[in-house]
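Secondary and tertiary structure notes
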Amino acid sequence: MMPAHSLARRLTMTSASCPLWSQISRMHCNRLVKSQKLRYSATSSQRTEEPATDTRPTLEIPTRVHREPTSILRALADTVNYDPTFTSGMPLIDDPDMHQPSRHFAKMFVLSEASGKGVAEHMASTFSQYLQHDKSAPTVEAFTPKTLLTGDTEEALKERLDLDLVKDARSIYSNMMAEGKSISPEIKLQYLDALCRFNSKDEDYYKTMPEKYFFSEEQDHWRPIPEVTELFEELRSTHPQAYISMICGMCSYKNHREAHDLYLQGQEEGILFPIDVHNHILSGLVGLFSNIETIKEEVEKILVYLENNGIRPNLQTFNNILCQLKLLPPYTDRYSYSLKLLSEMRCCHIDPSPATYYHLLQMVYRTQHPRYSDLLSYTVDELSKQKPILVQDAEDNKYFLMAMAAARQTNDVDLAKRLYKLAWRGCNKALLGSELERYRFHNYYLLTLIASEPIDTIMEAYNDLVPRVYIPESKSWKALYEAIELYDGYQYVPQIYQDLKFYNSLPHNNQSTLLSKLLAPKHAKPEILQLLAEVADDMYNLSLSDLSPHNVNIMTADVYSNFIQLALNMDDVDKAYDWFMKYRSANHMKRNLEKSTSLVQLAEKLFTSEKYEETLTVLQALADLNFQEDITKITEKCSFPEDYKERVELLNPNSAQDSSRKNFRRQNTDL
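Below: a short report on this structure. All values reported here derive from a predicted model rather than from experimental measurement.

1. What about the overall build of the protein?
Secondary structure summary: the protein contains 33 helices and zero strands in total. Counting all 671 residues of the protein, 42% fall into the buried class. Within the protein, contacts between residues separated by at least 24 positions form 67% of all contacts whose residues are at least 6 apart in sequence. Surface exposure of the protein reaches about 40,300 Å², of which carbon and sulfur atoms provide 53%.

In structure tokens form, the structure reads like this:
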């Protein structure tokens, strides 16, 4: 039987010729299709005895999660590493020119930054019609500063005090007192506290703190203000908070004598001061008492008072005591008493902070204490147990620099490595301090390694620090050169040259001369000599690319001499003579050659190669540099052909003297 689909195709092909036949064919085709469907359904029902089951996974719609408006931003922020210390571990990775290797450079940097800000503000105010950029665009209402209240009202005064706008607050307060307006005691207390905190400073002090730190001529001292005295006398009887503001403010500005008197008056009146007040009093004991026994009595008196009144001491209490003890002369028993305080901290379940150990180390630093090394190791072990090290004291950032300086002094390499790992663990790098303090920390670390470790270990630490974190100073470069020369680490010279070139340090501090000494090793492999030759060529090309006055100092006479020695060590006499001719063409460098070793060897090599004209040129250079003894030795050792003997005799001082004597005798004989 013909299949239904082929029959339908044939019927369809003939339907175009006859309409009747077309109708019959369509009817017959429909019957065939229906019969095929019935047959397929019958066979399928016989084959499937069990009902079909749906194996597709069911779709479960999750419940709706409530999202905040900033959820997307937080999700994006999780994809980026965040440094909660606000200090980059690699401060020089973007701009090494921002490096501040000394206090002088730090001052100049701060001065330049302040000057640039002043110029920018002046230009913006002068040409405001052109500079109309809005830094806050696009404006977000939630982050837009609110307009301050106007008028001399209590609400406006409180608003200024909340924002620490002391100048505006003093103006509003004066106007309100002149008009006879009443002010609540709470606002007066807040105003008194602001005057005590900003006694000899204005509210812009913390905004321009670097400039104030370097260029402020006035020292922080307590300045008597009539308003402060009037407010304190008015509030002292009814509000004990006035005592707290006065005592803390006076101690902050080193007026410890009057603060201590107020402290005693408050205790007599039965005021129970919080722990912050006692800490401020403990921070000025040396200014009040010069005898250690008296200081001990005062400390014990305050600690007993705290215990009797149920006031728990904190970390700042003990740190302030240790800070005062380190100011005492070293012949006192301050160190043993400090250890007793340390055990007392343990009894109070107070963990020491880095500032605690910093004060202890300062007591024994440079005193050759027998337990100095043990104390250093103990402090590192104790701080290693804290993960992470939390900043709890204003002087916590001074410990690492102090400890690394001590490791440098005792030449303890293991301690230096442990300190370095601890400082770079997690967020501990925030405790390294300012840019200058971080620089000194890494400088001490590298110098400690250079003094005792092999060159591979030194360069491993060098690669971790340079150039992203630290740039060595001239003293460190020199120590590194000596280590390379000691351990034959000449394979690292090209890397060091590239770093010096990147920092533009070659023209300064005689760096090019010191580095060129490493380019002429006496014993080195040929492949190492080839690398050093490439460094020499690049250094010369660098001096030609920039003809500024400071860049000319790269190619000194000693640098040319070392390049000549390098070519001679490679047995390349032609290259050595080429360096010599470049040296001769640099007229400003003909003088100040310390040693003539390379020129003497070059002359001997040229004579051995029978290049007599070139040899005489080198001898002439030695004569111009007044190395007459070297010329005599060369002429006595080398026998020149007859054509050159007369010129050689003119260069040899002994031969020149003999010829002058002969001429003088001939003239006398003729007469």
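Text resumes after the structure shown.
2. A word on unusual backbone geometry
The amide bond that connects Lys387 to the next residue, Pro388, takes the cis arrangement and shows omega of -10 degrees. By secondary structure assignment, the location of Pro388 is in the loop between α18 (372-384) and α19 (399-410). Phi is positive for His349, close to 60 degrees, though the residue is something other than glycine. Position of His349 relative to the elements: it lies in the loop between α16 (334-347) and α17 (354-364).

3. A closer look at a nonpolar patch on the surface
A cluster of nonpolar side chains, contributed by Val119, Met123, Phe127, Tyr130 and Leu131, occupies part of the molecular surface with about 510 Å² of accessible area. When you line up the elements, Val119 lands in helix α4 (residues 103-126).

4. Digging into the packing of helix α21 (residues 435-452) against helix α22 (residues 455-465)
The relative placement of two packed helices comes down to the angle between their axes together with the axis-to-axis distance. Two elements in contact, α21 and α22, have axes separated by 9 Å at closest approach and are oriented at 165 degrees. In terms of orientation, α21 and α22 fall into the roughly antiparallel class. For the crossing formed where α21 meets α22, the hand is left-handed. Packed against α21, whose contacting residues are His442, Tyr445, Leu446, Leu449 and Ile450, the element α22 presents Ile458, Ala461 and Leu465 at the interface. Its residues assigned to classes, the contact of α21 with α22 comprises seven nonpolar, one polar and no charged.

5. Focus on the packing of aromatic side chains
Tallied over the full model, the rule gives 22 aromatic pairs. Look at Phe400 and Phe441: their rings are 6.3 Å apart centre to centre, the planes differ by 90 degrees, and that puts the pair in the edge-to-face class. Note that Phe400 is positioned in helix α19 and Phe441 in helix α21, a separation of 41 residues in sequence. Taken as a pair, Phe400 and Phe441 share a single burial class, namely buried. Connected via pairs of aromatic rings, a cluster forms that spans Tyr357, Tyr378, Tyr399, Phe400 and Phe441. Across the ring face of Tyr540, the terminal group of Lys582 is positioned such that the distance to the ring centre comes to 4.4 Å.

6. Brief notes about a positive patch on the surface
Residues Lys478, Lys517, Lys522 and Lys595 make up a contiguous surface patch of positive charge. Structurally, Lys595 can be placed in the loop between α28 (573-585) and α29 (597-608).

7. So, helix α9 (residues 226-235)
Among all positions of α9, only Glu227, Val228, Leu231, Phe232 and Leu235 are buried. Summarising the axial view, the buried residues of α9 lie within an arc of 125 degrees, below the 170-degree limit, and thus occupy one face. The exposed residues of α9 that point more than 90 degrees off its buried face are Pro226 and Glu230.

8. A few points about the pattern of salt bridges
Here the structure, examined in full by the defined rule, presents 25 salt bridges. Glu382 is the partner of Arg346 in a salt bridge, and the nearest nitrogen-oxygen pair spans 3.3 Å. Residue Arg346 is located in helix α16, and its partner Glu382 is located in helix α18; the two are separated by 36 residues in the primary sequence. One network of salt bridges, with partners in common, ties together Asp164, Asp193 and Arg197.

9. Topic: the nonpolar core
Counting residues in each nonpolar core, the largest one holds 178 residues, and the members touching the most others are Tyr399, Phe400, Ile496 and Leu515. Residues contacting Phe400, with those up to four places away along its chain left out, are Ile389, Leu419, Leu422, Ala423, Leu431, Leu432 and Phe441.

10. As for the environment of Thr150
In this fold, Thr150 is placed in the loop between α4 and α5 (154-162). Each C-alpha atom, one on Thr150 and one on Ile172, is 9.8 Å from the other, the two residues being 22 residues apart in sequence.

11. Looking at helix α30 (residues 612-624)
The end-to-end C-alpha distance of α30, which contains 13 residues, comes to 18 Å, matching closely the 18 Å that a straight helix rising 1.5 Å per residue would cover. Burial in α30 covers these residues: Tyr612, Thr615, Leu616, Val618, Leu619, Ala621, Leu622 and Ala623. Buried residues in α30 make contact with α28, α29, α31 (628-637) and α32 (642-651). Downstream of α30 by a residue or two, Asn626 has a phi angle that is positive, lying close to 65 degrees.

12. Observations concerning the packing of helix α26 (residues 526-545) against α28
Running from N to C, α26 and α28 cross one another at 20 degrees; their axes reach a closest spacing of 13 Å. Compared by their axis directions, α26 and α28 come out roughly parallel. Between α26 and α28 lies a crossing whose hand is left-handed. Between α26 and α28, the residues in contact are Ala536, Asp537 and Tyr540 and Lys575, Trp579 and Lys582, respectively.

Rules and cut-offs
Residues numbered from 1 in each chain as written. Predicted model: local features only at pLDDT ≥ 70, side-chain atom pairs only at ≥ 80, totals over all residues. Heavy atoms only, no water. Helix = DSSP H or I, 4+ residues; strand = E, 2+ residues; numbered from the N terminus. Buried < 20%, exposed > 50% of the residue type's maximum accessible area, 1.4 Å probe, protein only. Contact = heavy atoms within 4.5 Å. Areas by Shrake-Rupley, 256 points an atom, 1.4 Å probe, with all protein chains shown as cover. Patch = residues over 30% accessible without salt bridge, like charges linked within 9 Å, V, L, I, M, F, W, Y side chains within 5 Å. Salt bridge = Lys/Arg side-chain N within 4 Å of Asp/Glu carboxyl O. Axes fitted to C-alpha atoms, helices over the stretch in contact; angles between N-to-C directions. Parallel < 35°, antiparallel > 145°, perpendicular 65-115°, else oblique. Left-handed = near helix turned anticlockwise from the far one by under 90°. Nonpolar A, V, L, I, M, F, W, Y, C, P; charged D, E, K, R; others polar. Phe/Tyr/Trp six-rings, centres within 6.5 Å; stacked < 30°, edge-to-face > 60°. Lys NZ or Arg CZ within 6 Å of the ring centre and 35° of its normal. Lys, Arg positive; Asp, Glu negative; His and termini not counted. Charge placed at Lys NZ, Arg CZ, Asp CG, Glu CD. Arc of directions from axis to C-beta. Core = buried A, V, L, I, M, F, W, Y, C linked by side-chain atoms within 4.5 Å. Expected span 1.5 Å × (residues − 1).

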